[in-house]
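Residues per chain are reported as follows:
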Amino acid sequence: MAGASRSIVFNAPMEKVFDVITQYEKYGEFLSEVKEVRTSGRQGNEVNVHYKVDVVKTIKYTIRVKEERPTRMSWTFVEGEFMKDNKGSWVLEPAGEGKTKGTYTVEMALGALVPKSVVNALVETSLPKMLEAFKRRAETP
């Protein structure tokens, strides 16, 4: 599986960063590739998140998210088109003076018809852009 892990420092407190990360339905407001997000089946701190994203082509998939406020959010793959697996996490930790260090880790496997180089490129190129979008959103007053 293609995977990557990156860290970024937010000029925002952990609670605010956690809220931005877990307000899934608002992702389309600041992540251009996200066309639609909805949630279902919430049970306590777990919820299904259904995505429709446009990366090279439109892909629909569902992940099961576990929220551990305010330090961690992790997910596992439920189902999807062209996707065989998708798992990862956000881990948040204090970075001093109202700042938060966020580490995003993802492992993804797409279908056999998708070359591994394409999967790696998607993970490697879209990840920094996505982290910057989360940073801008969390740092907006």
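About the cut-offs
- Residues numbered from 1 in each chain as written.
- Predicted model: local features only at pLDDT ≥ 70, side-chain atom pairs only at ≥ 80, totals over all residues.
- Heavy atoms only, no water.
- Helix = DSSP H or I, 4+ residues; strand = E, 2+ residues; numbered from the N terminus.
- Buried < 20%, exposed > 50% of the residue type's maximum accessible area, 1.4 Å probe, protein only.
- 1 Å grid on protein atoms, 1.4 Å probe; cavity = no way out; pocket = protein on both sides within 12 Å on 5 of 7 lines; lining within 4 Å.
- Points joined across faces, edges and corners; volume = space filled by probe spheres on them.
- Polar contact = N/O pair within 3.5 Å; in protein donor to acceptor, adjacent residues only side chain to side chain.
- Contact = heavy atoms within 4.5 Å.
- pLDDT = per-residue confidence, 0-100.

Draft legend 1. Region of interest: the environment of Gly96. Positionally, Gly96 belongs in the loop between strand S6 (83-94) and strand S7 (100-110). The exposure class of Gly96 is partly exposed, given its relative accessible area of 39%. Distance in space between the C-alpha atoms of Gly96 and Pro13 is 9.2 Å, their sequence separation being 83 residues.

Draft legend 2. Representation of empty space enclosed by the protein. One pass over the structure, following the stated rule, counts 1 cavity of 30 Å³ or more. Sorting the residues of the lining of the largest cavity by element identifies strand S3 (46-55), strand S4 (57-68), strand S5 (72-80), S6, S7 and helix H2 (116-139) as the ones contributing at least two each. Considering each element in turn, the lining of the largest cavity owes the most residues, 6 residues, to H2.

Draft legend 3. Representation of the side chain of His50 within the structure. With respect to the helices and strands, His50 occurs in strand S3. On the accessibility criterion, His50 (16% relative accessible area) is buried. Engagement of the side chain of His50 in a polar contact is seen with the side chain of Thr62, the distance being 2.8 Å. Setting aside chain neighbours within four positions, we find His50 in contact with Glu36, Val37, Arg38, Thr39, Ser40, Tyr61 and Thr62.

Draft legend 4. Region of the structure containing the confidence of the model for the protein. Counting all residues, the mean pLDDT for the protein is 91, and 92% of those residues have values of 70 or more. Between the elements of the protein, mean pLDDT differs from a low of 83, seen in H2, to a high of 98, seen in helix H1 (residues 14-22).

Draft legend 5. Expanded view of the layout of surface pockets. Volume-wise, the largest pocket comes out at about 180 Å³. Around the largest pocket, the lining residues are Glu36, Val37, Arg38, His50, Tyr51, Lys52, Lys60, Tyr61, Thr62, Glu79 and Gly80. Elements represented by at least two residues in the lining of the largest pocket include exactly strand S2 (34-43), S3, S4 and S5.

Draft legend 6. Inspection of unusual backbone geometry at higher detail. The peptide bond linking Arg69 to Pro70 adopts the cis configuration, its omega dihedral lying at -5°. Its location among the elements puts Pro70 in the loop between S4 and S5. Its identity is not glycine, yet Phe82 carries a phi of approximately 65°, on the positive side. Assignment of secondary structure puts Phe82 in the loop between S5 and S6.

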